[in-house]
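Per-entry structural report
Okay, here's what each chain looks like letter by letter:
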Amino acid sequence: RTLSGVTSVAYMSIHITYRDEFFSSGKRPVCYFLGLIFKASGLLILAGVYEAFPNWRALNGASAVLLTIPLLVVFLPESPHWLLTNSSSDSVTEVLLKMAKFNLGENHGLKEEHFRLSKAGKDDGKSSESGNVMNIVRNRAFLIVTLKFFFHWFVTSMLYYGFYYALDALSGSVSINFMIMGALELPMAAATAVMMDKIGRRKTLFANLVLVMVCCGLSLLKFSFGNDWTIKRVASIVGSKWGVAAMFMIIYLYTNEVMPTSIRSTGLHMCSIFGRIGAFIAPYFVKACNNSSYYLLNCLSLLLCGLAILLTLGLPETKDKTLKAHLGEEEAGVEEDGKL
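All residue numbers here refer to positions counted from 1 along the written sequence of the relevant chain. Predicted model: local features are reported for residues with pLDDT of at least 70 only, side-chain atom pairs are reported and counted for 80 or more only, and whole-chain, interface and lining totals are derived from all residues. By convention in this description, side-chain values take in all heavy atoms of the structure and omit both hydrogens and water.

**What about the overall build of the protein?**
Rules: Under the DSSP-based scheme used, a helix requires at least four consecutive residues in state H or I and a strand at least two consecutive residues in state E, with every element numbered from the N terminus. In this scheme, a residue with accessible area under 20% of its type's maximum is buried, one over 50% is exposed, and one in between is partly exposed, where area comes from a 1.4 Å probe on protein chains only. The contact criterion used throughout is that any non-hydrogen atoms of two residues lie within 4.5 Å. All accessible areas in this document rest on Shrake-Rupley with a 1.4 Å probe, and a residue is counted as covered only by the protein chains that are shown.
Across its full length, the protein holds 13 helices and 0 strands. Ordered by position from N to C terminus, the α and β elements of the protein give α-α-α-α-α-α-α-α-α-α-α-α-α. Evaluated residue by residue, the protein yields a buried proportion of 42% over its 340 residues. The contacts of the protein with a sequence gap of at least 6 include a subset with a gap of at least 24, amounting to 78%. Total accessible area on the protein stands at roughly 17200 Å², and carbon and sulfur atoms take up 67% of it.

**With respect to the nonpolar core**
Test applied: Among buried residues, the Ala, Val, Leu, Ile, Met, Phe, Trp, Tyr and Cys ones that are joined through side-chain atoms within 4.5 Å form a nonpolar core.
Grouped together as the largest cluster of nonpolar side chains are 56 residues, with contacts concentrated most on Phe149, Trp153 and Leu205. Among the elements of the structure, α2 (28-52), α7 (140-165), α8 (174-199), α9 (201-220), α10 (230-258), α11 (264-292) and α12 (294-312) are those that each provide at least two residues to this core. Counting residues per element, this core draws most heavily on α10, at 13 residues. Excluding anything up to four places from it in sequence, Leu205 contacts His152, Met247, Ile250, Ile251, Tyr254, Thr312 and Leu315.

**A few points about the packing of aromatic side chains**
Here is the rule: What counts as a ring pair is set by centres within 6.5 Å for rings of Phe, Tyr and Trp (its six-membered ring), and what kind of pair is set by the plane angle: stacked under 30 degrees, edge-to-face over 60, tilted for all other angles.
Applying the stated rule across the entire model yields 9 aromatic pairs. When the centroid spacing of 4.7 Å and the interplanar angle of 75 degrees are considered together, the rings of Trp153 and Tyr252 count as edge-to-face. Of the two residues, Trp153 is situated in helix α7 and Tyr252 in helix α10; the sequence distance between them amounts to 99 residues. For Trp153, a relative accessible area of 0% gives the class buried. Residue Tyr252 is classed as buried on the basis of its relative accessible area, which comes to 4%. Counting every residue linked through ring pairs, the aromatic cluster contains Trp153, Tyr160, Tyr161, Phe248 and Tyr252.

**Details of a nonpolar patch on the surface**
Inclusion rule: To count toward a patch, a residue needs a relative accessible area over 30% and no salt bridge; like charges are then connected within 9 Å, while nonpolar side chains (Val, Leu, Ile, Met, Phe, Trp, Tyr) are connected within 5 Å. Just to be clear on terms, a salt bridge is a Lys or Arg side-chain nitrogen sitting within 4 Å of an Asp or Glu carboxyl oxygen.
Taken together, the side chains of Ile69, Leu72, Val73, Val74, Phe75 and Leu76 make up a nonpolar region of the molecular surface, amounting to roughly 660 Å² of accessible area. Within the fold, Leu76 resides in the loop between α3 (56-66) and α4 (80-86). Judged by its relative accessible area of 48%, Leu76 is partly exposed.

**Considering the side chain of Thr255**
Condition: Throughout this description, a polar contact denotes any pair of N or O atoms lying within 3.5 Å of each other; where both atoms belong to protein, one of them has to be capable of donating a hydrogen while the other can accept it, and for residues adjacent in sequence the pair is counted only when both atoms sit in side chains.
Along the chain, Thr255 turns up in helix α10. Judged by relative accessible area, Thr255 falls into the buried class, the value being 1%. A polar atom in the side chain of Thr255 sits 2.6 Å from the backbone oxygen of Ile251. What Thr255 contacts, discounting residues up to four positions off in sequence, is Phe149, Trp153, Leu268 and Cys271.

**As for α9**
The criterion, for reference: Here the expected span of a helix is defined as 1.5 Å times the quantity of residues minus one.
If you check α9, its first and last C-alpha atoms are 29 Å apart, about what 20 residues at 1.5 Å a residue would give, namely 28 Å. Residues Arg201, Arg202, Thr204, Leu205, Asn208, Leu209, Val212, Cys215, Cys216, Gly217 and Ser219 constitute the buried set of α9.

**Things to note about the pattern of salt bridges**
Taken as a whole and assessed by the stated rule, the structure comprises 4 salt bridges. Of the charged contacts in the structure, one is a salt bridge between Arg28 and Glu257, with a shortest N-O distance of 2.6 Å. Here Glu257 lies in helix α10 and Arg28 lies in helix α2, a separation of 229 residues in the sequence. Across the pair, exposure class does not vary: Arg28 and Glu257 are buried alike. Residues joined by salt bridges that share partners form a network here, namely Arg28, Arg201 and Glu257.

**Notes on the packing of α2 against α8**
The geometry of a pair of packed helices is captured by two quantities: the angle between their axes and the separation between those axes. So the rule is basically this: Note on geometry: axes are C-alpha line fits, over the in-contact stretch for helices, and angles between N-to-C directions span 0 to 180 degrees. Should an angle lie under 35 degrees it is considered roughly parallel, over 145 roughly antiparallel, and from 65 to 115 roughly perpendicular; all remaining angles are considered oblique. Note on residue classes: Ala, Val, Leu, Ile, Met, Phe, Trp, Tyr, Cys and Pro are nonpolar, Asp, Glu, Lys and Arg are charged, and everything else, Gly too, is polar.
Two numbers describe how α2 lies on α8: the axes approach to 8 Å, and their chain directions differ by 175 degrees. Considering their axes alone, α2 and α8 lie roughly antiparallel with respect to each other. The residue makeup of the contact of α2 with α8, split by class, is 19 nonpolar, 3 polar and 4 charged.

**Brief notes about the side chain of Thr192**
Within the secondary structure, Thr192 sits in helix α8. The buried category is assigned to Thr192, whose relative accessible area is 1%. Those residues in contact with Thr192 that sit more than four places away from it in its chain are Thr204, Ala246, Met249 and Ile250.

**What to know about unusual backbone geometry**
In this structure, Asp320 takes a positive phi of about 65 degrees despite not being glycine. Looking at where Asp320 falls in the secondary structure, it is placed in the loop between α12 and α13 (327-336). Among the residues examined, Asp320 registers a relative accessible area of 56% and is labelled exposed.

**Thoughts on the packing of α2 against α3**
Selection criterion: Definitions for this section: a left-handed crossing has its near helix turned counterclockwise from the far helix by less than a right angle. A right-handed crossing has that turn clockwise.
Put simply, α2 and α3 touch, their axes get as near as 9 Å, and they point 150 degrees apart. As judged from the angle between their axes, α2 and α3 are roughly antiparallel. Between α2 and α3 lies a crossing of right-handed hand. Facing Ile45, Leu46, Val49 and Tyr50 of α2, the residues of α3 in contact are Ala58, Leu59, Ala62, Ser63 and Leu66.

**Remarks on the confidence of the model for the protein**
Short version of the rule: pLDDT expresses, on a scale from 0 to 100, how confident the predictor is about each individual residue.
When the pLDDT values of the protein are averaged, the result is 77; 80% of them are 70 or greater. With pLDDT under 50 throughout, residues 118-128 is counted as low confidence; its partners more than four residues away or in other chains account for 18 contacts. Segment residues 331-340: pLDDT under 50, and 21 contacts once partners within four positions in sequence are set aside and those in other chains are kept.

Here is the structure:
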């Protein structure tokens, strides 16, 4: 189980970075929506398998079958963004011509001179920064942005998995509740993709943090719908889950767009480490809060979201901006775009 957890997290981070480098800024939210359709479908399938066969062997067997699909990645080309930063321009040209042939057919009309690209950073000494964590540390403006993303990943992961563990507070079958929460991610993904495209990544993240705060605050208010407190609790958990799932969708895309290509994979995995720490703490966090008071979970969630909102105010907007190749290109954008 430990090996499965480690490899699944690595796979998830790598495939999202790989996908983002193929699409322009305007297309990425749509691609995330399409990807989340398959994610939600997987959640529904696994929850259904567990409902029918409530044992870990059936669950692992179903997971193994589903994991045969990503093996098709061997037929995909290398990322042109990565090749441009780490390899020769001839390699980039070869990949782009293959993509043109696949998308447009044999008579695509494009020639090698259309793709003649100079290798970014090769002649200015920036190519040596690839994957070097110390380059983030040395760049003060970018280091501050990275630390903010670390906190966002920690909070988002802890609350995302924490609200899944909080499903015990709802009545009925846990697996059925899990299926419902998985299905909830489909309309969430569609709404979030539209918001990211219309108002940008930062404002969408801000709006969903506010949504989680409102839903957590709802459960703290001393009122009920008639004599039924369950409706308020369900509304609080479902609304919070909607907001946190949207935050998860946003920070993956947002982090990849902020990180330059030379350190994108390294930066995303560093952020993912803090996300895994939050996921590790989540069950103990929920258990400790439930042992003390049901309201404590929502109070702490309110506090964490409030801090995340303050940190969001200083993040750069990446909507309609090209992916940067090196840290030097990103620094100007970070300094110029420091307010919401």
